[in-house]
Structure formats: structure tokens, C-alpha cells
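These are the residues of each chain, in order.
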Amino acid sequence: EAAHLGLINRAVPAADLDRVVDEAAAAIAAKPVEAVALGKALFQSQIEMPIAEAYALAGRRMAENLTFAETKSGIDRFLAR
């Protein structure tokens, strides 16, 4: 029910919780540190903004992310496939 209402990303059985948390943590840890920090700062700063302002800020931050060396390298690796 909570997932359906958008209160959580997903629900998992208790027996799977540790594995799912470990997988989520590993996925975040594998991301570029600069991008994660930018995303966290964006999330915190846009919480109280009107939706249009929040979207505009998010667009600027996504463009900023594209300037990071690690992001550029990841895009180059993806395009080289």
C-alpha cells in the first residue's frame, strides 16, 4: 500500500531487507561522489520551492553534472559501446 501511494520506492519481505539495502547502498556508492553530493544538495534545497522553480533548479544542476570529469568519462564509455 505504501509503495502504491508513493510513500516508499518499494516494499520487500523482511527476509530480503538486508540484501536489498546492501544492493541499494552499493548502487549509490558506485556513483560519482560529486554527482551524489550535487543530487543530495539539490533535493534539500528544492523541498520548499514552488514546483516550477524546483524543476528549473534541477535542470541547472543536471547540466552542471555534465561538466564533471567523471560524468564526461562515463558518457564517453557509454557512447563507445
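Student: Sorry, what's going on with the overall build of the protein chain here?
Tutor: Counting secondary structure elements, the protein chain contains four helices and zero strands. Ordered by position in the sequence, the α and β elements of the protein chain form the string α-α-α-α. Its C-alpha atoms give the protein chain a radius of gyration of 16 Å, clearly above 12 Å, the size a compact globule of 81 residues would have. Taken over the C-alpha atoms alone, the protein chain extends approximately 40 × 40 × 20 Å along its principal axes. Each of the 81 residues in the protein chain was classed as buried or not, and the buried ones make up 10%. Surface accessibility of the protein chain: about 6700 Å² in total, with carbon and sulfur atoms responsible for 62%.

Student: What am I meant to see in the pattern of salt bridges here?
Tutor: It is possible for side chains bearing opposite charge to pair when their charged atoms get close. In this structure the tally under the stated criterion is three salt bridges. With a closest N to O distance of 3.0 Å, E23 and R19 form a salt bridge. With E23 and R19 both in helix α1 (residues 17–29), this residue pair falls four residues apart, about one helical turn. Residue classification places R19 among the partly exposed positions, given a relative accessible area of 43%.

Student: I keep staring at helix α3 (residues 51–65) and nothing clicks. Help me out?
Tutor: One turn of an α-helix holds 3.6 residues; hence residues three or four places apart share an orientation. End to end, α3 covers 21 Å across 15 residues, agreeing with the expected 21 Å (1.5 Å per residue, within 8%). Among the structural elements, α2 (33–46) are those in contact with the buried residues of α3.

Student: For this particular structure, what's the right way to read the side chain of T71?
Tutor: Looking at the secondary structure, you find T71 in helix α4 (residues 69–79). Apart from residues no more than four positions distant in its own chain, T71 is found in contact with N65 and L66.

Student: When you look at the packing of α2 against α3 in this model, what are you seeing that I'm missing?
Tutor: Describing two packed helices takes the angle between their axes plus the distance from one axis to the other. Relative orientation of the contacting elements α2 and α3 amounts to 170 degrees, with a least axis distance of 10 Å. Between α2 and α3, the interaxial angle falls into the category roughly antiparallel. Together, A35, L38, L42, S45 and Q46 of α2 and A54, L57, A58, R61, E64 and N65 of α3 make up the contact between the two elements. Looking at the contact of α2 with α3, its residues break down into six nonpolar, three polar and two charged.

Rules of the game
Residues numbered from 1 in each chain as written. Predicted model: local features only at pLDDT ≥ 70, side-chain atom pairs only at ≥ 80, totals over all residues. Heavy atoms only, no water. Helix = DSSP H or I, 4+ residues; strand = E, 2+ residues; numbered from the N terminus. Rg over C-alpha atoms; globule rule 2.2 N^0.38 Å. Buried < 20%, exposed > 50% of the residue type's maximum accessible area, 1.4 Å probe, protein only. Areas by Shrake-Rupley, 256 points an atom, 1.4 Å probe, with all protein chains shown as cover. Salt bridge = Lys/Arg side-chain N within 4 Å of Asp/Glu carboxyl O. Expected span 1.5 Å × (residues − 1). Contact = heavy atoms within 4.5 Å. Axes fitted to C-alpha atoms, helices over the stretch in contact; angles between N-to-C directions. Parallel < 35°, antiparallel > 145°, perpendicular 65-115°, else oblique. Nonpolar A, V, L, I, M, F, W, Y, C, P; charged D, E, K, R; others polar.

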